[in-house]
Amino acid sequence: MPEPISPRDRLIVALDMATTDEAERLIERIGDAASFYKIGYRLGYAGGLGLAERLVRGGRKVFLDLKLHDIGNTVEEGVQSLAGIGATFLTVHAYPQTMRAAASGRDKAGSGLKILGVTVLTSYDDADAREAGYALSVADLVAVRAAAAKAIGIDGIVCSAAEAAQVRAVIGPDRLIVTPGIRPAGAEIGDQKRVVTPAEAMRAGVDHVVVGRPITGAGDPRDVARRIVDEMAAAL
Ligand SMILES: O=c1ccn([C@@H]2O[C@H](COP(=O)(O)O)[C@@H](O)[C@H]2O)c(=O)[nH]1
């Protein structure tokens, strides 16, 4: 069975800001209310990989949400380059060829980096999947991709917490489920479509929740982070 995760370590704060200075100021304000930070496109392309190394050196955990997807050789070599940063998680799109290449890069690098397969973005609903050319519903597409991720040996899955129970049945207890699209009750949904509260995510068997704008846009980000952690603790 996997190690128990404390409610605080279950929260991953998305640092979707323009500069590393802004991100560092936010981390300072959040203080010990969170320990795990996600770096995606915006910050990743603006010095975020250097920040990731500094955060790891300072004892924080880092999720590199770079959603790699390319020919196998390029993905494998990209994963090998990223493995040295010391991050905990790295995302790739959950296409079999891409996941195989990422798993191979991880194994060749011999680091503790865990690869997460992004199944279907939480900003997609069934109509968006249809528009993109898929005949399956989002839930079925997530299940197909989760099964492929397990078969290939990927460490975890990114999906909406709305599919977490179904995904858990597919991937078993040892792989991770990480869910963006998390909104505390009453928070603005923005462009997310498959949205779940922190408490519901815990009840559905999610390992980590990713929360960006509800924390980064708050007047008191530390207080919002604390409330989310308390809500998850009460639901576990
Ligand atoms: O399916 C996915 C995969 C990744 N994300 C990322 O998570 C955060 C969510 O931010 P919010 O501000 O809480 O909406 C963001 O960085 C996305 O790139 C996702 O939302 N859905």
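Keep in mind that this is a model prediction, so the values were computed, not measured.

Q: Report on helix H2 (residues 20-30), specifying residues and quantitative values.
A: Working note: α-helix, 3.6 residues per turn, so residues spaced by three or four point in the same direction. Along H2, the residues classified as buried are Thr20, Ala23, Leu26, Ile27 and Ile30. Taken around the axis of H2, the buried residues stretch over an arc of 120°, which confines them to a single face. More than 90 degrees from the buried face of H2, the exposed residues found are Arg25 and Glu28. For H2, the secondary structure elements touched by its buried residues are strand E1 (11-14), strand E2 (36-39), helix H3 (41-57), helix H10 (213-216) and helix H11 (221-235).

Q: Please provide a residue-by-residue account of the UniProt feature "domain: Orotidine 5'-phosphate decarboxylase" (unreviewed entry) in the protein, values included.
A: Taking the UniProt record as the reference, the feature "domain: Orotidine 5'-phosphate decarboxylase" (unreviewed entry) is found at residues 10-228. Across residues 10-228, helical content stands at 46% and strand content at 17%; the span's end C-alpha atoms are separated by 10 Å.

Q: With reference to specific residues and values, describe the pattern of salt bridges.
A: Evaluation of the coordinates by the stated rule reveals 13 salt bridges. Between Asp65 and Lys38 there is a salt bridge, and its shortest N-O distance comes to 2.6 Å. Linking Asp65 in strand E3 (residues 61-68) with Lys38 in strand E2, this pair joins segments that are 27 residues apart in sequence. By relative accessible area, which is 6% here, Asp65 ends up buried. Given the relative accessible area of 8%, Lys38 is considered buried. Among the ionic pairs, Arg194 bridges to Glu163, the shortest N-O distance being 2.6 Å. Pair noted here: Arg194 is in the loop between strand E7 (176-179) and helix H9 (198-203) and Glu163 is in the loop between strand E6 (156-158) and helix H8 (164-171), with a separation of 31 residues, a long-range link. With relative accessibility at 10%, the residue Arg194 sits in the buried group. Taken together, the salt bridges that share partners define one network made up of Lys38, Asp65 and Lys67.

Reading guide: rules and limits
- Residues numbered from 1 in each chain as written.
- Predicted model: local features only at pLDDT ≥ 70, side-chain atom pairs only at ≥ 80, totals over all residues.
- Heavy atoms only, no water.
- Buried < 20%, exposed > 50% of the residue type's maximum accessible area, 1.4 Å probe, protein only.
- Helix = DSSP H or I, 4+ residues; strand = E, 2+ residues; numbered from the N terminus.
- Arc of directions from axis to C-beta.
- Contact = heavy atoms within 4.5 Å.
- UniProt positions renumbered as here; feature names shortened; annotations may be inferred.
- Salt bridge = Lys/Arg side-chain N within 4 Å of Asp/Glu carboxyl O.

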